[in-house]
Every structure is written in C-alpha cells, then in structure tokens.
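Per-entry structural report
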Amino acid sequence: MQKTKEKRDYVGIQMDSPIGTLSVAEDGAGICDVYLGALEGLSSTESDVREQETPLLAEARRQLTEYFAGTRREFSLPLSLHGTEFQIKDWKALQEIPYGETCSYKQIAERIGSPKAFRAVGMANNKNRIAIIIPCHRVIGADGSLVGYGGGIDKKIWLLELEKRMLH
C-alpha cells in the first residue's frame, strides 16, 4: 500500500515588509508558513493556499509589522510545525536564540543533544518554513560568517542589523 500525502487547505495573506513581500499562511492549527515572496510561491502539490484573512493571520501581520518597526522582540503566535522530529527540535532551539544575538550551527547542534550534527542543523534550518518567527537568520557559521539563508544573505544581514540597532 502506497502512502499518500494528505492535502492540506491553507489560507494565507500577503504583506509588504522592508525586505519585500511576505506571505503568511495558517492551517487551522497555527501559523505554518512565513515565506519571503508572493503567496503563489507557497502553493505546492501538498497544499493549496487560498487568500483569506483570518483573525490569526491579522495578528501575525500585526506582530510582524511591530517586529519590522523595532517594537516587538518576541512573537506570541501558535505555530503549526510540519517536519521530522529532528527538524522540530532544531526549530524549537532556534526560537530560544535571544533577539539581537546569534548562535552557530554547532551551538544549536549541542543544544539539541547532537553535537556532531551541525550539518544536519543547517539542513533543518533550510527546511524552516516559518521565517523570521522561527529566527533561522540568527544562525551563523562557527567563524562568525553569515552563511546560508533561504531568503538571501542580504535579507539575513538586514534582519540582524535591525535587531542590533533596536537593542541600542
């Protein structure tokens, strides 16, 4: 018997931000996507995204707008995480990196109890579908280099500089 992927019905909104268009989606359980790009970019064979504003998406828009304005440092939104056990562990560890601080892939691997799995941490970060709210932009190379960001290194730099400015 072949296992089929469940087709999810997501609803989402698009919003303007200082780093370009963001698309935010929810699946009834929580925020499941914050995507740097147009809403059409979220649609795939596993999910169709209908444009619709819900109370949760309106709250996500408000919190993201506050973040970009420098008045919000932590998000308080229900999240719906879809990934492997390792990925979910990684994403939860990312949420513990304080605003304005960075952490290396190796440090994250150590935090989640897999000290040699820093490359796997990088791959899990790459699969993070909830950008900004799950702050994978705060993860850097062991030597301090700004490596890897699905939205582009320029956006990673912008987000890190925003947080650094707002701390002072």
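As the structure is a computational prediction, the values presented were derived from the model and not from experiment.

On to the packing of helix α1 (residues 55-69) against helix α5 (residues 153-167). Interaxial distance between α1 and α5 falls to 9 Å at its minimum, and their mutual angle equals 70°. In terms of their interaxial angle, α1 and α5 are classed as roughly perpendicular. Together, Y67, F68 and A69 of α1 and W158, L159, L162, E163 and M166 of α5 make up the contact between the two elements. Taken together, the residues of the contact of α1 with α5 sort by class into seven nonpolar, no polar and one charged.

This model, assessed by the stated rule, comprises four aromatic pairs. Residues Y67 and F75 carry aromatic rings whose centres are separated by 5.6 Å and whose planes lie at 40° to one another, so their mutual orientation is tilted. Look at Y67 and you get buried, because its relative accessible area is 0%. Centroid distance Y67 to Y99: 6.2 Å. Interplanar angle 85°. Geometry classified as edge-to-face. With a gap of 32 residues between them, Y67 in helix α1 and Y99 in the loop between α2 (85-94) and β5 (103-104) connect regions that are remote in the sequence. Y99 carries the same exposure label as Y67, and that label is buried.

Below, the discussion takes up the packing of α2 against helix α4 (residues 118-126). The N-to-C vectors of α2 and α4 enclose an angle of 85°; their axes lie 9 Å apart at closest approach. Here α2 is positioned roughly perpendicular relative to α4, judged by the angle of their axes. Facing α2, whose interface residues are F86, Q87, D90, W91 and L94, α4 presents A120, V121, A124 and N125. Taken together, the residues that form the contact of α2 with α4 break down as six nonpolar, two polar and one charged.

In low-pLDDT segments, the atomic positions of the prediction should not be examined closely. Here the chain averages 89 in pLDDT, and 92% of its residues register 70 or above. Ranking the helices and strands of the chain by mean pLDDT puts α1 first, with 98, and strand β4 (residues 47-51) last, with 80. The low-confidence segment residues 1-5 (pLDDT under 50) makes one contact with residues lying over four places distant or belonging to another chain.

In the structure shown here, the tally under the stated rule is seven salt bridges. Here D33 ties to R129 by a salt bridge, and the two come within 2.6 Å at their closest N and O atoms. Highlighted residues: D33 in strand β3 (residues 31-36) and R129 in the loop between α4 and β6 (139-140), separated in sequence by 96 residues. Classification of R129 by relative accessible area gives partly exposed; the value is 37%. Between K106 and E110 there is a salt bridge, with its nearest N and O atoms 3.8 Å apart. In this pair, K106 and E110 both sit in helix α3 (residues 105-111), four residues apart, roughly one turn of the helix. One continuous salt-bridge network, built from bridges that share partners, spans E59, R62, E66 and R72.

Before going further, it helps to spend a moment on the pairing of strand β2 (residues 20-26). Where burial is concerned, most of β2 is hidden: five out of the seven residues are buried. What sits between the antiparallel neighbours β2 and β3 is a turn of four residues, in which G28 has the positive phi angle 95°.

Our next topic: unusual backbone geometry. Backbone geometry at I132 places phi at a positive 70°, although glycine is not the residue there. In this fold, I132 is placed in the loop between α4 and β6. I132 sits in the buried class, given a relative accessible area of 1%.

Rules behind the numbers
Residues numbered from 1 in each chain as written. Predicted model: local features only at pLDDT ≥ 70, side-chain atom pairs only at ≥ 80, totals over all residues. Heavy atoms only, no water. Axes fitted to C-alpha atoms, helices over the stretch in contact; angles between N-to-C directions. Helix = DSSP H or I, 4+ residues; strand = E, 2+ residues; numbered from the N terminus. Parallel < 35°, antiparallel > 145°, perpendicular 65-115°, else oblique. Contact = heavy atoms within 4.5 Å. Nonpolar A, V, L, I, M, F, W, Y, C, P; charged D, E, K, R; others polar. Phe/Tyr/Trp six-rings, centres within 6.5 Å; stacked < 30°, edge-to-face > 60°. Buried < 20%, exposed > 50% of the residue type's maximum accessible area, 1.4 Å probe, protein only. pLDDT = per-residue confidence, 0-100. Salt bridge = Lys/Arg side-chain N within 4 Å of Asp/Glu carboxyl O. Pairing = 2+ DSSP bridges.

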